[in-house]
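What follows is each chain in one-letter form.
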Amino acid sequence: MYALLAILDEETNQEIQRLWHVLNEQGLSNYAFETEGFVPHITLADFDHLPLNKAIKTLTNKLLIHQPIPISFSSLGSFLGSNIVFLSPVKSPALARLHSKIHELFSDNISVDSLYGPESWRPHLTLANRIEPANFPKLYQICHQHFPKMESSIVGLKLIRIDSPNKISSLFDYSF
């Protein structure tokens, strides 16, 4: 399986990583430390199969993003039926255009039942996953207090291959 991730500016990365350390130290979530090389991100697309050379050419020659894309995180949430807490960015026109362009360029490779498809995508940055139900209230409270509101920027894309639940391989980085 492959995924295309939106990578955030360094200040945002550091802020998210500080929170991940707090959650880990308090025994609430070690989600961010389960996979080597894991970074804060927003998943834009996922693929079961992907011709790598063609994908890299497409990202390099056809996506053509020349400057960071400003985004604003203004809500904290969870998906129903899951033990995940995330920050949700405002789905700005620039973020929606980026997502649409990616799905247009890679339409032949995206599964019709993908949770990241244009009709079903709920942009989010996961803060914690696989949370014990008893820890949910405290974890949510810490996350809520940590982020009054956050301005950020998407500064790059990363194409990864998910080799196993705890192992990812970075295949291509694209900074703008």
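Being a predicted model, the structure only gives us computed values, none of them experimental.

## Concerning the pattern of salt bridges
Okay, so step 1: Scanning the model with the defined rule gives seven salt bridges in all.
Okay, so step 2: Here glutamate 15 makes a salt bridge to arginine 18, at a shortest N to O gap of 2.5 Å. Placement of both glutamate 15 and arginine 18 in helix H1 (residues 10-25) is noted, with a separation of three residues, approximately one turn of the helix.
Okay, so step 3: Taking the shortest distance from any N to any O, the salt bridge between lysine 149 and glutamate 151 comes out at 3.9 Å.
Okay, so step 4: Given the relative accessible area of 54%, glutamate 151 is considered exposed.
Okay, so step 5: A cluster of three or more residues bridged by salt bridges with shared partners is formed by Arg161, Asp163 and Lys167.

## Topic: the packing of aromatic side chains
Okay, so step 1: Within this structure, the stated rule accounts for six aromatic pairs.
Okay, so step 2: For the ring pair tyrosine 31 and phenylalanine 38, a centre distance of 5.1 Å and an interplane angle of 75 degrees mean the geometry is edge-to-face.
Okay, so step 3: You can call phenylalanine 38 buried: its relative accessible area is 19%.
Okay, so step 4: With 5.5 Å between their ring centres and 55 degrees between their planes, phenylalanine 47 and phenylalanine 106 make a pair best called tilted. Here phenylalanine 47, found in strand S2 (residues 41-47), pairs with phenylalanine 106, found in the loop between helix H3 (93-105) and strand S5 (125-128); they are 59 residues apart in sequence, far enough to count as distant.
Okay, so step 5: Of the residues examined, phenylalanine 47 reaches a relative accessible area of 2% and is grouped as buried.
Okay, so step 6: What makes phenylalanine 106 buried here is its relative accessible area of 3%.

## Regarding the pairing of strand S4 (residues 85-89)
The side chains of a regular strand alternate between both faces of the sheet.
Okay, so step 1: Among the five residues in S4, five count as buried, and that is most of the element.
Okay, so step 2: The sheet contact formed by strand S3 (residues 69-77) and S4 spans four bridges and is antiparallel. When the sheet's bridge partners are listed, serine 75 is paired in S4 with serine 88.
Okay, so step 3: Summarising the sheet, S4 and S5 pair through three bridges and their orientation is antiparallel. Across the sheet, the residue bridging to phenylalanine 86 is threonine 126, located in S5.

## Thoughts on the side chain of serine 88
Okay, so step 1: Following the sequence through the fold, serine 88 ends up in strand S4.
Okay, so step 2: Beyond its immediate stretch of four places on either side in the chain, serine 88 contacts Ser72, Phe73, Ser74, Ser75 and Pro123.

About the cut-offs
Residues numbered from 1 in each chain as written. Predicted model: local features only at pLDDT ≥ 70, side-chain atom pairs only at ≥ 80, totals over all residues. Heavy atoms only, no water. Salt bridge = Lys/Arg side-chain N within 4 Å of Asp/Glu carboxyl O. Helix = DSSP H or I, 4+ residues; strand = E, 2+ residues; numbered from the N terminus. Buried < 20%, exposed > 50% of the residue type's maximum accessible area, 1.4 Å probe, protein only. Phe/Tyr/Trp six-rings, centres within 6.5 Å; stacked < 30°, edge-to-face > 60°. Pairing = 2+ DSSP bridges. Contact = heavy atoms within 4.5 Å.

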